Amino acid sequence: MNPLASFRVAIAALKVNALRSFLAMLGVIIGVASVIVIVSVASGASQAIEARIKALGTNLLIISPGSFTSGGRRAGEGTASALSEGDLKVIRASVPSVAAAAGIIQGSAPLVAGSSNWTTQVNGVNEDFLEVRDWALAEGRNFTETELRAGAKAVILGATAARELFGSASAIGEQIRIMNVPFNVIGQLAVKGQSGWGSDQDDIALVPITTARRRLFGAEQTIPDNLRQIMVEIVSAEEMADAQAEIETILRDRRRLRVGAPDDFRVRDMADFIRTRTETQSILSLLLGATAAISLVVGGIGIMNIMLVSVTERTREIGLRMAVGARRRDILSQFLIEAVALCVLGGLIGLAIGSGAAVAMSVWGNWPIALSPALIAIALASAALVGIFFGYYPARRAAQMNPIDALRYE
Amino acid sequence: MARKRRAAISEQAKAAPQIVARNLVKTYRLGGSVIGALQGISVEIARGEYLAVTGASGSGKSTFMNLIGALDTPTSGSLKVEGRELGKLGSDRLALYRNEKVGFVFQTFNLLARTSALDNVALPLLYSPRGHRNARDKARTCLERVGLADRASHQPSELSGGQQQRVAIARALANDPHILLADEATGALDSHTTEEIIGLFEELNATGITVIIVTHEPDIARRARRRLTFRDGQIVEDAA
């Protein structure tokens, strides 16, 4: 019998028990729909996270002081002697692949504008900082070199800080007080949203690093030109590893670390961060995928069950088909095609429901989803595979029947 | 030349018996005990015979018929049909044999439900290795032969018992079989319809098809040109 004729026979058989066929399909429908929803949401989420991490700058190296070690006791991150403007200058001068570099000092301070106040993170930065972080201004301008040299009382506000102080009104040109020092608002940063690790990147205020030292956090600093962090933008991703090694050599030299002594500073890149994040993400996807796969298997068991019932019910039909000349493989393919048709039909319905749900989630729930043709193909192929796998045993049972026993079956 | 030789071969084939059983044995295991359904029968049946097989139930007559139709395989002994030793054929070859050489008519008709008479008749053509490009035309011709051309689109549930059995006969004829096997084909029919069906068998026999009917009704058996009577797995009478 040719495949087309087998297919027609299978569809006719499924139509006879339409409700039963539908109920048998339900498991596969739910399985495929959940595969589509789960995978599209999970991969949508991981794409969104990756995009945000990339927005932090993948060509970024962050240098911070490491652990102070004394007599075997390690005091923890940031306890070693701080970085300095000197370090920044040397790195900028002697590492050729550095595109821009910024030193930062940090503190927390109350901001006051008229009657409202807001305490936020205040960063002392240089004019390269915005370029290094790839942060955009929504309004206003960056610091000028003159302002930095002079220690001008100018401030750039993050979106959250600006909103807390001025509401929806523009902050540009307004005066605010930071630790009772009056500052002019010269710029406002574009909204960046949450960082990859969940903190609000918009809750921030930037002032020239010279001003921060002189007017705000000077008393807290033990070394006059220290830096909390140095952020370095490297010209390209390929140069990252070399640049990192060069910076490490320079810093070990400047900090007079003996050969074999551990680094008391850390040079991290965002790629590290992306790797960790992606690993977590893929474990999560794997778990969700396994759940979806289990539901497909459960659906497959439903198909197998109904096919076994169908084979038993149609024993006499099988006997008759054999009596008029059906070979074992004709019977096998008839029931196998029936099971696969059941699964693929269920898969198509599940696909429609699943992608509908995924699209609905992205439209009304603002979930980032990624519905790829590959995912659709995989979902349908796995439904067909479930049909072959779980349909084979009942079909084989039908094909192995003895014609006369099948004909006489009551 | 070729035609002459073919004629010679077919002349020879006509001379040789179509079905030859030698010491044919079929036993079943039922529970722990072995039941001897056929206990070593030997018989020859010629092409174009009209044969009735009779006997009490359990005498082995249906078993004999199932072996000829290759629905079942012999336990021992030899059964040759048109030179083929059925016991030695694999399952695909047996399927082909059932498809091309024999047509079955059963007591319970065994038509596919919710399937039109025409599609029921076309069923053997679906499994024919010769293809089925004209399956529906062929099936229609067969329905005409049994006088049911006007019922082609009816489903079995819309047909009377006699009509259903005629559809089953048309199905048996679809692949132009050499042997027609009818197992209690009139057992479920009234006497008038029985007469119609038997008449049809006789017509078909007249066209050269070997007709073998299993029956326990003496009236029907008497109409055949040869009668085999079975008792306890043996042929006790072979009368013309």
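Being a predicted model, the structure only gives us computed values, none of them experimental.

Calculation notes
Residues numbered from 1 in each chain as written. Chains lettered and ligands numbered in written order. Predicted model: local features only at pLDDT ≥ 70, side-chain atom pairs only at ≥ 80, totals over all residues. Helix = DSSP H or I, 4+ residues; strand = E, 2+ residues; numbered from the N terminus. Buried ≥ 20, exposed ≤ 12 C-beta atoms within 10 Å, placed from the backbone. Contact = placed C-beta atoms within 7 Å. Pairing = 2+ DSSP bridges. Expected span 1.5 Å × (residues − 1). Bend = angle between axes of the 7 residues up to and from the residue. Nonpolar A, V, L, I, M, F, W, Y, C, P; charged D, E, K, R; others polar. Axes fitted to C-alpha atoms, helices over the stretch in contact; angles between N-to-C directions. Parallel < 35°, antiparallel > 145°, perpendicular 65-115°, else oblique. Left-handed = near helix turned anticlockwise from the far one by under 90°. Core = buried A, V, L, I, M, F, W, Y, C linked by C-beta atoms within 7 Å. pLDDT = per-residue confidence, 0-100.

J.: Would you mind going over the overall build of chain A with me for this structure?
T.: Within chain A one finds 13 helices and 14 strands. The buried share among the 410 residues of chain A stands at 38%. Nonlocal contacts in chain A, meaning residues at least 24 apart in sequence, comprise 81% of its contacts between residues at least 6 apart.

J.: So what exactly am I meant to see when it comes to the overall build of chain B here?
T.: When helices and strands are tallied, chain B shows eight helices and 10 strands. Going through the 240 residues of chain B one by one, you find that 45% of them count as buried.

J.: Would you mind showing me how to read the sheet that holds strand β4 (residues 76-81) of chain B here?
T.: In sheet architecture, strand pairing relies on hydrogen bonds along the backbone and comes in two forms, parallel and antiparallel. Residues and elements named next belong to chain B. Taken in spatial order, the four strands make up an open sheet running β2-β1-β4-β5, and their pairing is antiparallel. Bordering the open sheet on either side are β2 (33-45) and β5 (84-85), each of which pairs with just one other strand. Pairing geometry for strand β1 (residues 19-30) and β2, over 10 bridges, is antiparallel. What sits directly across from Arg29, in β2, is Val34.

J.: Please explain helix α12 (residues 373-399) of chain A as it appears in this structure.
T.: Side chains of residues three or four places apart in an α-helix project in the same direction, reflecting 3.6 residues per turn. Taking 1.5 Å of rise per residue, the 27 residues of α12(A) would be expected to cover 39 Å, and the 37 Å separating its terminal C-alpha atoms lies within 8% of that figure. Taking the largest bend as the criterion, α12(A) deviates by roughly 40°, centred on A:Tyr392, and proline A:Pro394 comes between one and four positions later.

J.: For this particular structure, what's the right way to read the interface of chain A and chain B?
T.: The extent of an interface is frequently quoted as the accessible surface area lost upon association of the parts. Taken residue by residue, the interface counts 17 residues in chain A and 19 residues in chain B. Elements with a minimum of two residues in the side of chain A that touches chain B: α1 (3-16), α10 (315-323), α11 (328-364) and α13 (403-408) of chain A. Of all the elements, α10(A) adds the most residues to the side of chain A that touches chain B, at five residues. For the side of chain A that touches chain B, the per-class residue count stands at 11 nonpolar, one polar and five charged.

J.: Any chance you could explain the packing of helix α4 (residues 117-126) of chain B against helix α5 (residues 135-145) of chain B here in plain terms?
T.: The axes of two packed helices give the description: the angle between them and the distance between them. Residues and elements named next belong to chain B. Direction vectors running N to C along α4 and α5 enclose 120°, while the axes themselves pass 8 Å from each other. The orientation of α4 relative to α5 falls into the category oblique. When you trace α4 past α5, the crossing you get is right-handed. Between α4, through Ala117, Leu118, Val121, Ala122, Leu125 and Leu126, and α5, the contact on the second element is made entirely by Ala135, Arg136, Lys138, Ala139, Arg140, Cys142 and Leu143. Here the contact of α4 with α5 is built from residues that sort into 10 nonpolar, no polar and three charged.

J.: Looking at this model, I keep getting lost on the nonpolar core. Mind explaining?
T.: A:Val32, A:Ile303, A:Ala339 and B:Val121 are the most contacted members of the largest nonpolar core, which has 123 residues in total. With 13 residues, helix α2 (residues 18-55) of chain A is the single largest residue contributor to this core. Those residues in contact with A:Val32, other than ones at most four positions away along the chain, are A:Leu296, A:Gly346, A:Gly347, A:Gly350, A:Leu351, A:Gly354, A:Ala379 and A:Ala383. Within the second largest apolar cluster, 51 residues are counted, among which are A:Ala101, A:Ala171, A:Leu189 and A:Met231.

J.: It is not clear to me how the confidence of the model for chain B should be interpreted in this structure. Could you clarify?
T.: Detail in the predicted coordinates should be disregarded across regions flagged by low pLDDT. Of all residues in chain B, 93% have pLDDT values of 70 or greater, and the mean over the chain is 89. Among the prediction metrics, the complex's ipTM stands at 0.91, with pTM recorded as 0.69.

J.: In this structure, what is going on with the pairing of strand β13 (residues 229-234) of chain A? I would like to understand it.
T.: One face of the sheet, then the other: side chains in a regular strand alternate in exactly this way. Residues and elements named next belong to chain A. Most of β13 is tucked away: five of the six residues are buried. Bridge analysis of strand β1 (residues 60-65) against β13 gives four bridges, and the strand direction is antiparallel. Bridge pairing in β13 links Leu60 to Glu233. As defined by bridge partners, strand β5 (residues 98-113) adjoins β13 across six bridges and the pair is classed as antiparallel.

J.: So what exactly am I meant to see when it comes to helix α6 (residues 161-173) of chain B here?
T.: Residue and element names in this part refer to chain B. With 13 residues, α6 should reach 18 Å at 1.5 Å per residue; the first-to-last C-alpha distance of 19 Å fits that figure. Across the 13 residues of α6, 11 count as buried, placing the element largely inside the fold. Where α6 is buried, its residues meet β6 (102-106), α4, α5, β7 (179-183) and α7 (191-206).

J.: Would you take a moment to explain the packing of α11(A) against α12(A) for this structure?
T.: Residue and element names in this part refer to chain A. Put simply, α11 and α12 touch, their axes get as near as 7 Å, and they point 150° apart. Judged on the interaxial angle alone, α12 and α11 are roughly antiparallel. Like other packed secondary-structure pairs, α11 and α12 cross with a definite hand, here right-handed.

J.: In this structure, what is going on with the sheet that holds strand β8 (residues 210-214) of chain B? I would like to understand it.
T.: Residues and elements named next belong to chain B. Spatially, six strands are ordered β6-β7-β8-β3-β9-β10 in an open sheet, and the strand pairing comes out mixed. Here the strands that pair on one side only, and so sit at the sheet edges, are β6 and β10 (234-239). With direction set aside, neighbouring strand axes in the sheet form an average angle of 20°.

J.: Would you explain the environment of A:Val359 in this entry?
T.: Residue and element names in this part refer to chain A. With respect to the helices, strands and loops of the structure, Val359 is situated in helix α11. We classify Val359 as partly exposed; it has 13 C-beta atoms within 10 Å. Expressed as a C-alpha distance, the spacing of Val359 and Leu371, which sit 12 residues apart in the sequence, is 8.5 Å.

J.: Sorry if this is basic, but what is going on with unusual backbone geometry here?
T.: Across the chain, the bulk of peptide bonds are trans and the bulk of non-glycine residues have phi less than zero. Residues and elements named next belong to chain B. Even without being a glycine, Asn23 presents a positive backbone phi close to 55°. Assignment of secondary structure puts Asn23 in strand β1. Take Asn23: there are 14 C-beta atoms within 10 Å of it, and that puts it in the partly exposed class.

J.: Mind showing me how you'd approach the pairing of β4(B) here?
T.: All names here are of chain B. In the sheet, β1 pairs with β4 via five bridges, with the strands oriented antiparallel. When the sheet's bridge partners are listed, Arg22 is paired in β4 with Ser78. In this structure, β4 lies alongside β5, joined through two bridges in antiparallel fashion. The residue bridging Val81 from the neighbouring strand is Arg84, located in β5. Linkage of β4 to β5, two consecutive antiparallel strands, is achieved through a turn of two residues, within which Glu82 is found at a positive phi near 50°.

J.: Help me understand the confidence of the model for chain A in this model?
T.: Residues at a pLDDT of 70 or more form 90% of chain A, whose mean pLDDT is 85. Mean pLDDT values over the elements of chain A span from 63, in strand β2 (residues 69-70) of chain A, up to 95, in α10(A).

J.: Even after reading the chapter, I still don't get the environment of A:Ile349, so can you show me in this structure?
T.: All names here are of chain A. Along the polypeptide, Ile349 turns up in helix α11. What makes Ile349 partly exposed here is the crowd of 19 C-beta atoms within 10 Å. C-alpha separation for the pair Ile349 and Val28, spaced 321 residues apart in sequence, amounts to 9.0 Å.

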